[in-house]
Amino acid sequence: MIAKIGSGKSTAGLIRYLFDTKKAKDHTDPHLVASWGGFAPDPGRADDFGATKMRLVADLDLRVKQARRLGRAPERHVWHCSVRAAPGDRHLTDAEWADIAHRIVAATGIAPQGDPDGCRWVAVRHADDHIHIAATKVRGDLRTARHWNDYLTADKELAAIEKEYGLKRVVRGDRTAAQRPTRAETEKARRAGKTKTSRERLRTTVRQLVSIATSPEEFLHLLDGVEGVLIDVQRFPSGDVRGYKVAVEGDTNTIGEPIWFSGAKLAPDLSFPKIRERLTVIEIPPATQPGRRRQPNPWHQATAAAERIPHHLDHGDDAAAQAHIAAFGEAIDVLPLLAPSHLRPHLQQAAIVFERTTRSRIRAQQDQARALRSAVRALRTAPVTGDGSGLAMFLDIAVLVVIATARWHQGRRHDQQVAAAHHALVHLQAAYQQAAAEPLAALAQRQPPARTMERHAQRIIAILPDHAQEVLDDPAWPALATALTEAETTGHHPEQLLQHAARQRTLDDARSTARTLTWRIQRLAARQAPSDRARAAQARTWATPRPAHSGQTRPSPSQPGPAAPTRHR
């Protein structure tokens, strides 16, 4: 069940709407199911509808008129709460809706249980799946009702009602979600033929710019350069930035002024202080590193940083884990700016819905996740080129990170964040399937000879016995064999690469073990091949048995080849 609460100035106008059956075609059989004393006149069951409706309005407004004569009546004296059952719920009886209405007015402070001076109210049912509660806010002692946080108290009571009545448990938030567009904003966008409101368009723009900016100053500079967006920066007398607000060019109010949105009105984490907190901890590595013959691939760096997030979520404290999720959200935000056009719809939608998972009541420790944030900014200089393997390998890891994010939020009962992660997963999986098709096909076309394939197959069987048959039966096996062959050509040892790739993280939750190994092998092979001395040292390290409690074994000197890691979670 969900509740919507508002206020107004006209009791007669609200009652007229609730009992109207001409303009509102979905209003069928409007009638009272409950009221403040149980004896309120019911226009829906009276022979003289007009006169009864006027008498009901007069009864509801009685205390308002008395308080007004004393100068104590609130201007917006009408309290209106609609309570709607979830789709698929059984139809409740009038008696059940009456009980719900009594519990809502008691919980919100409109008419506390046992209080003879509670406000006057009625509950009107004019459809099968919901009721409207109309009340006037003046109590019997002519004081204004204390109903602060009425939405939260009503929502808490509805959660208890759902459980007691056996109704669908609605996903509830924690007040950290971005503000939804108002009905007026939605209708205005629809009339203009736009699919998104100005608020939504600006939120997406600002989030994308935050994901690529390296400092608060650069963020404001980038925002100032966006076509079709107006920006107004507010400053302290010292000249320091206090905040900012943005508007869509041409979106004006009735007197022709731009409709401005502050950062906090777009989303809680888009206020300037929050943006400054995130961007001041970013360290951007130089594009070239002296002394290195091969410069790191930004896509590989971003993938490696993202791959560590599930470990941080499972073993880190909550504040650090929330920071890693927020940093990963920045990575998802930047992808639509870099990806080919055919991937952008899914990536854009994934970014929009994943945004909800990046905030919770747990305050993020923003000095965490520096490696990922720095790698995300470095992607600005590495757009998707060639066969797109860099993007594909990042999306492969992104799918697993989103699964881990949903699991982390679920363990903390963050229902809205869990639902958003599952929604984002659908779009990321679709984008990955499209992004991976071309690079995997290109690798498969360079499939090595049968003898080389057989050698690689024996290595897979020896190193990954638990996954060997799955890998060899996978359509991506030729692509993996090609990646191993090309790595061997550049001086890498295939057995050691496979051992390293298998040790990076468990393969048990990979959707395609062969594809996951292909991306890991390519990433490892992009590094400089070790020298003979380094290779010998690696062999000695891997040949050293680890303690029994570690969950993995290493080959002993008597073994012909490296042993497979024990499966673990």
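Described in the following lines is the structure provided in the data block. (Residues numbered from 1 in each chain as written. Predicted model: local features only at pLDDT ≥ 70, side-chain atom pairs only at ≥ 80, totals over all residues. Heavy atoms only, no water.)

1. Quick look at the side chain of arginine 356
Checked against the element boundaries, arginine 356 lands in the loop between α13 (344-354) and α14 (370-378). The exposure class assigned to arginine 356 is buried, which follows from its relative accessible area of 9%. Sequence-distant contacts of arginine 356, that is, excluding residues within four places in its chain, are made with Asp174, Thr176, Ala177, Gln416, Gln417 and Ala420. (Helix = DSSP H or I, 4+ residues; strand = E, 2+ residues; numbered from the N terminus. Buried < 20%, exposed > 50% of the residue type's maximum accessible area, 1.4 Å probe, protein only. Contact = heavy atoms within 4.5 Å.)

2. Examining empty space enclosed by the protein
Under the definition given, this model contains 1 cavity of 30 Å³ or more. Size it by volume and the largest cavity reaches roughly 70 Å³. What lines the largest cavity is simply Leu395, Asp396, Val399, Leu400, Tyr432, Ala510, Arg511, Ser512, Arg515 and Thr516. Breaking the lining of the largest cavity down by element, the ones donating at least two residues are α15 (389-411) and α21 (513-525). Of the residues that constitute the lining of the largest cavity, the class distribution is 5 nonpolar, 2 polar and 3 charged. (1 Å grid on protein atoms, 1.4 Å probe; cavity = no way out; pocket = protein on both sides within 12 Å on 5 of 7 lines; lining within 4 Å. Points joined across faces, edges and corners; volume = space filled by probe spheres on them. Nonpolar A, V, L, I, M, F, W, Y, C, P; charged D, E, K, R; others polar.)

3. Concerning the sheet that holds strand β6 (residues 229-235)
Ordered in space as β6-β7-β8, the 3 strands form an open sheet in which the pairing is antiparallel. Edge positions in the sheet fall to β6 and β8 (261-262), since each of these pairs with one other strand and no more. Where β6 and strand β7 (residues 241-248) come together, 7 bridges link them in antiparallel fashion. Paired with arginine 235 across the strands is valine 241, a residue of β7. (Pairing = 2+ DSSP bridges.)

4. Let's talk about the pattern of salt bridges
Scanning the model with the defined rule gives 36 salt bridges in all. With a shortest N-O distance of 3.1 Å, glutamate 96 and arginine 90 are connected by a salt bridge. Note on glutamate 96: relative accessible area 18%, which makes it buried. We classify arginine 90 as partly exposed; its relative accessible area is 41%. Note that lysine 245 is salt-bridged to aspartate 232, the shortest N-O span being 3.7 Å. (Salt bridge = Lys/Arg side-chain N within 4 Å of Asp/Glu carboxyl O.)

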